[in-house]
Amino acid sequence: DNVSTYAEEVHDAPKNYPRALFTALGLAVLMYLLPTFALIGHSTSPDVWNETAGFPVLAEQLGGPYLGTLLAIAALVFAWGLCNSQILYASR
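Here's what I pulled together on the structure shown here. Within each chain, residue numbers correspond to sequence positions counted from 1 in written order. With pLDDT at 70 or above as the cut-off, local features in this predicted model cover only qualifying residues; side-chain atom pairs require 80 or more to be listed or tallied, and sums for whole chains, interfaces and linings still use all residues. Remark: hydrogens and water are excluded; side-chain values derive from all non-hydrogen atoms of the structure.

### As for unusual backbone geometry
Stage number 1. One non-glycine residue, Asp 12, lies in positive phi territory at about 55°.
Stage number 2. Residue exposure (1.4 Å probe, protein chains only): buried if accessible area is under 20% of the type maximum, exposed if over 50%, otherwise partly exposed. The exposure class assigned to Asp 12 is partly exposed, which follows from its relative accessible area of 38%.

### Some thoughts on the packing of helix α1 (residues 13–42) against helix α2 (residues 55–63)
Stage number 1. Comment: axis = line fitted to C-alpha atoms, over the contacting stretch for helices; angle = value between 0 and 180 degrees taken between N-to-C directions. Here a helix means four or more residues in a row that DSSP labels H or I, a strand means two or more in a row labelled E, and each is numbered from the N terminus. Where α1 contacts α2, the axes come no closer than 11 Å and their chain directions differ by 55°. Relative to α2, the element α1 is oriented oblique. The chirality of how α1 crosses α2 is left-handed. Residues Pro 35, Thr 36, Leu 39 and His 42 of α1 pack against Phe 55, Leu 58, Gln 61 and Leu 62 of α2.
Stage number 2. Three classes are used, and their members are as follows: Ala, Val, Leu, Ile, Met, Phe, Trp, Tyr, Cys and Pro are nonpolar, Asp, Glu, Lys and Arg are charged, and the others, Gly among them, are polar. Grouping the constituent residues of the contact of α1 with α2 by class yields five nonpolar, three polar and no charged. Oblique is the label for every angle not falling under 35 degrees (roughly parallel), over 145 degrees (roughly antiparallel), or within 65 to 115 degrees (roughly perpendicular). Helix crossings get a hand from a simple test, with the near helix turned counterclockwise from the far one by less than a right angle marking a left-handed crossing and a clockwise turn marking a right-handed one. Every residue pair with non-hydrogen atoms within 4.5 Å of one another is taken to be in contact.

Below, the structure is given as structure tokens:
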């Protein structure tokens, strides 16, 4: 987003931007699909696949309460990071 704002700071931008975008796209797709398919194999119950349960509940079922809590905390940190990145690049 807003690539033109800091394109001068990127070394060899015409070559590196497409590479970075395709790499990020591939990683994002894998990071969503792999856990989803793995957890669908564990449970397809509507009780855990809804807007109030989801991945933390499934992680708790698979790895105990510590894994569920760790996943919930990781989701909060991820959301905070997205918010921070939006604020930081928009301030430029």
